[in-house]
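Listed here are the chains, written in short residue letters.
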Amino acid sequence: MNQKDKIEKNKDTGQKNSPNTKNQSNTTNQKNNTEFEKIINELKEKLKDVEDKLLRSLAENDNLRKRHEKETEDNLKYATKNFAFSLLPVTDNFQRAIQSIPDDVSEKDKLLKNLVIGIQAVEKELDDVFLKNGIKKFDSLDQKFNPELHQAVSKVNNDKPEGTIVEEYQRGYMIGDRLLRAAMVVVSMGPEKKEEKK
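Remember, predicted model here, so these are calculated numbers, not experimental data.

> Lay out the overall build of the protein in plain terms, naming residues and giving numbers.
On a plain count of helices and strands, the protein comes out with 5 helices and 6 strands. Its helices and strands in sequence order give the protein the pattern α-α-α-α-α-β-β-β-β-β-β, from N to C terminus. By residue count, 19% of the 198 residues in the protein fall in the buried class. Considering only residue pairs separated by 6 or more positions, the protein has 64% of its internal contacts joining residues 24 or more positions apart. For the protein, the computed accessible surface area is about 16200 Å², with 52% contributed by carbon and sulfur atoms.

Next comes the structure, spelled out in structure tokens:
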């Protein structure tokens, strides 16, 4: 390489390393860094959004699963509701049959006594089947009237406090924690009030 070529080469390298070139490259690097930071921030925001959506979806799926489990449990628990409700008149008729026979007649007539014992056995067996399936009868006599459990068919004056159930026409039943059939009852209005004469 001759002297002239060396000088040309030095001029070219001198231009590359000149302060103007360095400033331009720094400015370019800063622009690139700023753009990269913007892209990184945008990606971070998108990542947060995706994480939020994922967490919401997981929570929604968990709630859906729990609701489905509860519905399935309730369906199993209350599946016998209609069948049990249609059998309630049978139990009512057994009770009426037993109540219609006076005690002194059943004691005198051995055949009638055996019939009563048979009816009571069938009624008890039916009650046991109800209990095994979560169906329970509840007592209403001498209880405070509850409109959620009782259906009042009449009111009478009685020695018992006002609002107390004095007679039960039809027993009430629960299936699990729900009412299957309300009890038909007579409610006390309290003792008869005597009007004072003036």
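> Could you give an account of the pattern of salt bridges, naming the residues involved and the relevant values?
In total, this model carries 10 salt bridges according to the counting rule given. It is possible to trace a salt-bridge network through shared partners that takes in Asp-62, Arg-65, Lys-66 and Glu-69.

> Any details on the sheet that holds strand E6 (residues 183-188)? Residues and values, ideally.
Taken together, the 3 strands give an open sheet; going across it, the order is E2-E6-E3, and neighbouring strands pair in mixed fashion. The two strands at the open ends of the sheet, each matched to only one other strand, are strand E2 (150-156) and strand E3 (165-170). Within the sheet, the average angular offset between the axes of one strand and its neighbour, ignoring direction, is 30°. Taken together, the 4 bridges between E3 and E6 define a ladder with antiparallel strand orientation. Bridge assignment links Gln-170 to a residue of E6, and that residue is Met-184.

> Can you break down helix H5 (residues 110-132) residue by residue, with the values?
For H5, spanning 23 residues, the distance from its first C-alpha to its last is 33 Å, which sits close to the expected 33 Å at 1.5 Å a residue. Considered for burial, the residues of H5 that qualify are Val-116, Ile-119, Glu-123, Leu-126, Asp-127 and Phe-130. Residue Asp-109 occupies the N-cap position of H5, its side-chain oxygen lying 3.3 Å from the main-chain nitrogen of Leu-111. Residue Gly-134 follows H5 closely and has a positive phi angle near 80°.

Thresholds applied
Residues numbered from 1 in each chain as written. Predicted model: local features only at pLDDT ≥ 70, side-chain atom pairs only at ≥ 80, totals over all residues. Heavy atoms only, no water. Helix = DSSP H or I, 4+ residues; strand = E, 2+ residues; numbered from the N terminus. Buried < 20%, exposed > 50% of the residue type's maximum accessible area, 1.4 Å probe, protein only. Contact = heavy atoms within 4.5 Å. Areas by Shrake-Rupley, 256 points an atom, 1.4 Å probe, with all protein chains shown as cover. Salt bridge = Lys/Arg side-chain N within 4 Å of Asp/Glu carboxyl O. Pairing = 2+ DSSP bridges. Axes fitted to C-alpha atoms, helices over the stretch in contact; angles between N-to-C directions. Expected span 1.5 Å × (residues − 1). Polar contact = N/O pair within 3.5 Å; in protein donor to acceptor, adjacent residues only side chain to side chain.

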